[in-house]
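Listed below, chain by chain, are the residues.
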Amino acid sequence: MKRVVFASVLMLILLAFNIFCLFTIGKIKNEATEKLDSLYEVAASGNSGKIAEECEKFTGYWLSEHHVLCLIVRHDLLDQVTIAVSRFVPLAEYGETGELSAEILRSKILIEEIWDSERPLLRNIF
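Predicted, not measured: the structure shown is a model, and the values here were computed from it. (Residues numbered from 1 in each chain as written. Predicted model: local features only at pLDDT ≥ 70, side-chain atom pairs only at ≥ 80, totals over all residues. Heavy atoms only, no water.)

A. Up close: empty space enclosed by the protein. Counted by the stated rule, this structure contains one cavity of 30 Å³ or more. In this structure, the largest cavity encloses a volume near 50 Å³. Looking at the largest cavity, the residues that line it are Ile 25, Ile 28, Lys 29, Trp 62, Leu 69, Ile 111, Ile 114 and Trp 115. Listed by contribution, the elements that provide at least two residues to the lining of the largest cavity are helix 1 (2–45), helix 2 (48–69) and helix 5 (97–118). Here the lining of the largest cavity is composed, by residue class, of seven nonpolar, no polar and one charged. (1 Å grid on protein atoms, 1.4 Å probe; cavity = no way out; pocket = protein on both sides within 12 Å on 5 of 7 lines; lining within 4 Å. Points joined across faces, edges and corners; volume = space filled by probe spheres on them. Helix = DSSP H or I, 4+ residues; strand = E, 2+ residues; numbered from the N terminus. Nonpolar A, V, L, I, M, F, W, Y, C, P; charged D, E, K, R; others polar.)

B. Broad picture of the pattern of salt bridges. A full pass over the atoms with the stated rule returns 11 salt bridges. For Lys 108, the salt bridge is made with Asp 37, and the minimal N-O distance between the two is 2.6 Å. With Lys 108 in helix 5 and Asp 37 in helix 1, this pair connects stretches of sequence that are 71 residues apart. Residue Asp 37 is classed as partly exposed on the basis of its relative accessible area, which comes to 34%. Between Asp 116 and Arg 123 there is a salt bridge, with its nearest N and O atoms 2.5 Å apart. Accessibility expressed as a relative area gives 55% for Arg 123, which makes it exposed. (Salt bridge = Lys/Arg side-chain N within 4 Å of Asp/Glu carboxyl O. Buried < 20%, exposed > 50% of the residue type's maximum accessible area, 1.4 Å probe, protein only.)

Set out below in structure tokens:
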């Protein structure tokens, strides 16, 4: 009987941890998507000083959240997002708004892919 109780407790702990991780990824995805949307709007406005400032803010945000995501998400997708985000500031400073907008959209799609790959769906299991 003790083994059944112990196994049940372990399963509950595992389930709670996985739900916590899923909510953490979802929260970061929602925040990052909102920030990327506003960054895209700023990039479309054409104000180069404000664009560079907002890109620096998002880069700082992403690097702070990257440390959390590294613990629970595959690194290949995170590395792609980090590479794209690292290009934001130079592209903004040199006035490459078209390529900056493309990198912002690429980052947004990669973050959505991270979320989709971590969801407990049947297609992700098999």
